[in-house]
Each structure stands twice: as structure tokens, then as C-alpha cells.
Amino acid sequence: MILKKLRTRAMQERITAYCFLLPDMLGLFIFVFLPIIYAFYVSLHDWDALNPMKFIGFDNYTSLSKDKDWWHSVGKTLQYSVIYVPLLFCLSLGSALLLNGLKGKIVSPVRTLFLIPYAITSVISAIIGMYMLDPRNGIINEIVKFFGGSPQQFLGSPSQALYSIIAVLLWINIGYNMIIFLSAIKEIPKDYFEAARIDGASHWQIFRKITFPLLKETNTFILVVTTIGSFQVFDQIMVMTKGGPANSTEVSVIYIFKQGFQLLNMGYSSALAFVLFLLIFCLSLFQMKLFSSKD
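Just so we're clear, the structure is a prediction, and the values are computed from it rather than from any experiment.

Q: Just to check I follow, could you spell out a positive patch on the surface for this structure?
A: A grouping of Lys103, Arg111, Lys186, Lys190 and Arg197 is seen on the molecular surface, where their side chains present a positively charged patch. By secondary structure assignment, the location of lysine 186 is in helix H7 (residues 161-187). For lysine 186, a relative accessible area of 53% corresponds to the exposed category.

The following block contains the structure:
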């Protein structure tokens with residue numbers, strides 16, 4: 001009798017848990033999986049969003065394999081990701097370690113200063129960054145001139161535009177990742193640090209032997225999420241450069257947007273989007289497999 005009651009209670013708890021999960025699962029299916037399936041369906045057609053679809057099979061995928069502009073945008077995305085992701089990781093972790101060492105009333109103002117660029121919308125932050133980098137009246141060039149340097153073109157220069165965008169996006173996103181790292185650091189038992197100090201360990205040894213290994217799950221989360229975000233970057237670049245000058249900042253999503261909404265090649269842009277999805281999916285699986293491996 002008791003066993004039967006326990007089974008009934010366990011079943012009720014399981015049903016309750018599934019009921020709580022159901023809204024999120026429905027949202028995930030409707031707003032993530034269905035669009036992916038539909039994008040693949042559209043990618044098999046020639047469609048300008050105005051006339052009926054015309055089935056062409058895998059012709060769009062054949063075309064993208066020969067599209068030099070598409071592979072140029074993929075190369076720009078990889079260049080952006082290879083620079084942006086490690087810098088964001090290191091700067092966010094370093095900022096969290098520095099903030100963790102601060103004491104007193106200064107902690108809250110410093111934390112707020114880091115979070116302000118992220119707290120406002122990404123478009124507004126990008127506009128602020130664009131004005132800061134203005135070649136004529138921007139504050140960055142004013143600082144450069146104050147120290148005797150010559151003004152730079154920044155977003156107007158094909159050789160500087162991508163790096164300028166990376167700098168702006170680092171300024172925007174460091175605060176958010178810093179808070180995640182700081183929360184994880186706070187969860188590490190203080191006894192570990194005290195024991196290490198008693199044994200005479202240096203700050204670097206404490207970080208290398210205690211802090212960093214115990215942040216493994218947080219490190220994996222930050223690296224995977226920021227890598228996915230770097231391959232999906234769109235709005236800030238669209239605001240600041242629209243992919244220019246001379247396509248020097250035309251990353252993959254910008255190219256997909258232009259094909260779909262400017263040239264109305266909806267079938268082709270869907271094929272590009274589906275290939276990008278597969279690339280991000282495989283890269284994310286590889287990262288999670290790599291970082292979750294046992295030491």
C-alpha cells in the first residue's frame with residue numbers, strides 16, 4: 001500500500017514537472033525548430049517572397065558552394081570570432097577577478113559601470129560606439145590627438161573597421177560575462193583560498209590550481225555561448241557599417257540578410273542560413289565535447 005502511494009506521488013510529481021516544462025518546450029518548438037525546418041524547406045525552392053515557390057532541389061546549395069562572396073563573409077565571420085571570443089573571455093574573467101578583490105562601497109559603482117553598456121539596447125550601444133569612433137569629432141580620436149597621434153578613420157577604413165567593431169562589442173558585452181564569472185567565483189568555498197595562502201601559494205598559483213579549474217562549467221558555458229553569438233552577430237554591425245567599407249565587415253548574417261531582404265533571393269538566403277546553422281551546431285557540439293572531457 002505504501003509502495004503504491006509512493007509510485008502515485010512520484011507519477012504526480014513527474015506530471016507536474018512536465019506541465020511546468022511544457023510552455024518552454026512549446027516555445028522552443030514553435031520559435032526554434034519549426035523555423036529551422038521551414039528554412040530548409042524554403043531553401044529547396046526558388047522564391048522571391050512575391051511569387052509562388054518553384055522547387056529546384058539542391059540547386060541553391062550547389063550555388064553557394066561556388067559563391068565567392070559567401071565564402072568571403074564566412075572568412076570574415078571566422079576572423080571576427082577568432083579575435084573576439086578569446087578577448088571577451090579573458091577580459092571578462094580578468095574583470096571578475098579584479099572586482100572580486102575589491103572591498104567596500106566601491107564594488108557596486110564599478111559593477112554598474114561595467115553593466116551599463118549591456119543594460120541599454122544593443123542598437124543604442126552600437127550608436128554610442130559609432131559616435132565615439134567618429135573620425136572627425138569622436139572622443140577616441142580626441143584622446144589620440146591629445147597624446148600627439150594622428151586621427152584614425154576607424155569604421156571608415158577597410159583595414160580598421162572590423163577591429164573597431166570588435167572593440168565596441170567588447171565594451172558592450174564584458175559586463176554581462178563578468179557578472180557570470182563573478183557569481184561563479186563567489187560560489188567557490190573560501191576555505192580553499194585560505195588553505196592555499198597558508199601554504200604560501202601565490203596569486204597566480206591560486207588562480208591556476210584552484211580558481212580556473214573550479215570554473216570549468218562556467219568557462220564552457222561562456223565559450224560556447226559567445227562563439228554562437230559571434231557567428232550570429234548582426235544588429236551592431238548593421239548599425240555601424242552595414243557590412244562596409246568595401247565589404248570589410250560583411251559577416252555571414254549580413255550577407256544572408258542582403259540576399260534575402262535586399263535582393264529577395266529568399267530560397268538562396270534560406271540555404272545560406274541553414275548552412276550557417278549546421279556550422280554553428282557542429283562547432284557547439286565540438287566545443288562542448290572538448291571542454292566537458294574528463295581531465
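Q: Hey, could you run me through the nonpolar core in this one?
A: Generally speaking, a soluble globular protein has its nonpolar side chains buried in company with each other. Counting 41 residues, the largest nonpolar core has Tyr80, Tyr84, Leu169, Phe181 and Leu215 as the members making the most contacts within it. Secondary structure elements with two or more residues in this core: helix H3 (68-101), H7, helix H8 (190-198), helix H9 (203-214), helix H10 (216-231) and helix H11 (235-240). Examining the composition of this core, we find that 13 residues originate from one element, H7, more than from any other. In this structure, Ile256, Ala271, Leu272 and Ile280 belong to the second largest nonpolar core, which totals 15 residues.

Q: Explain the packing of aromatic side chains here, please?
A: This structure, assessed with the given rule, holds 15 aromatic pairs. On the numbers, 5.0 Å between centres and 10° between planes, the contact of tyrosine 80 with tyrosine 84 is stacked. In this pair, tyrosine 80 and tyrosine 84 both sit in helix H3, four residues apart, roughly one turn of the helix. Look at tyrosine 84 and you get buried, because its relative accessible area is 4%.

Q: How do you make sense of H7 when you look at a structure like this?
A: An ideal rise of 1.5 Å per residue puts 39 Å on 27 residues; H7 measures up with 39 Å between its terminal C-alpha atoms. The largest bend in H7 is about 40°, located at asparagine 173.

Q: Looking at this structure, how should I read the environment of glutamate 217?
A: Tracing the backbone shows glutamate 217 in helix H10. By relative accessible area, which is 73% here, glutamate 217 ends up exposed. Sequence separation of glutamate 217 and phenylalanine 291 is 74 residues, and the distance between their C-alpha atoms is 8.4 Å.

Cut-offs and rules
Residues numbered from 1 in each chain as written. Predicted model: local features only at pLDDT ≥ 70, side-chain atom pairs only at ≥ 80, totals over all residues. Heavy atoms only, no water. Patch = residues over 30% accessible without salt bridge, like charges linked within 9 Å, V, L, I, M, F, W, Y side chains within 5 Å. Areas by Shrake-Rupley, 256 points an atom, 1.4 Å probe, with all protein chains shown as cover. Salt bridge = Lys/Arg side-chain N within 4 Å of Asp/Glu carboxyl O. Lys, Arg positive; Asp, Glu negative; His and termini not counted. Charge placed at Lys NZ, Arg CZ, Asp CG, Glu CD. Helix = DSSP H or I, 4+ residues; strand = E, 2+ residues; numbered from the N terminus. Buried < 20%, exposed > 50% of the residue type's maximum accessible area, 1.4 Å probe, protein only. Core = buried A, V, L, I, M, F, W, Y, C linked by side-chain atoms within 4.5 Å. Phe/Tyr/Trp six-rings, centres within 6.5 Å; stacked < 30°, edge-to-face > 60°. Expected span 1.5 Å × (residues − 1). Bend = angle between axes of the 7 residues up to and from the residue.

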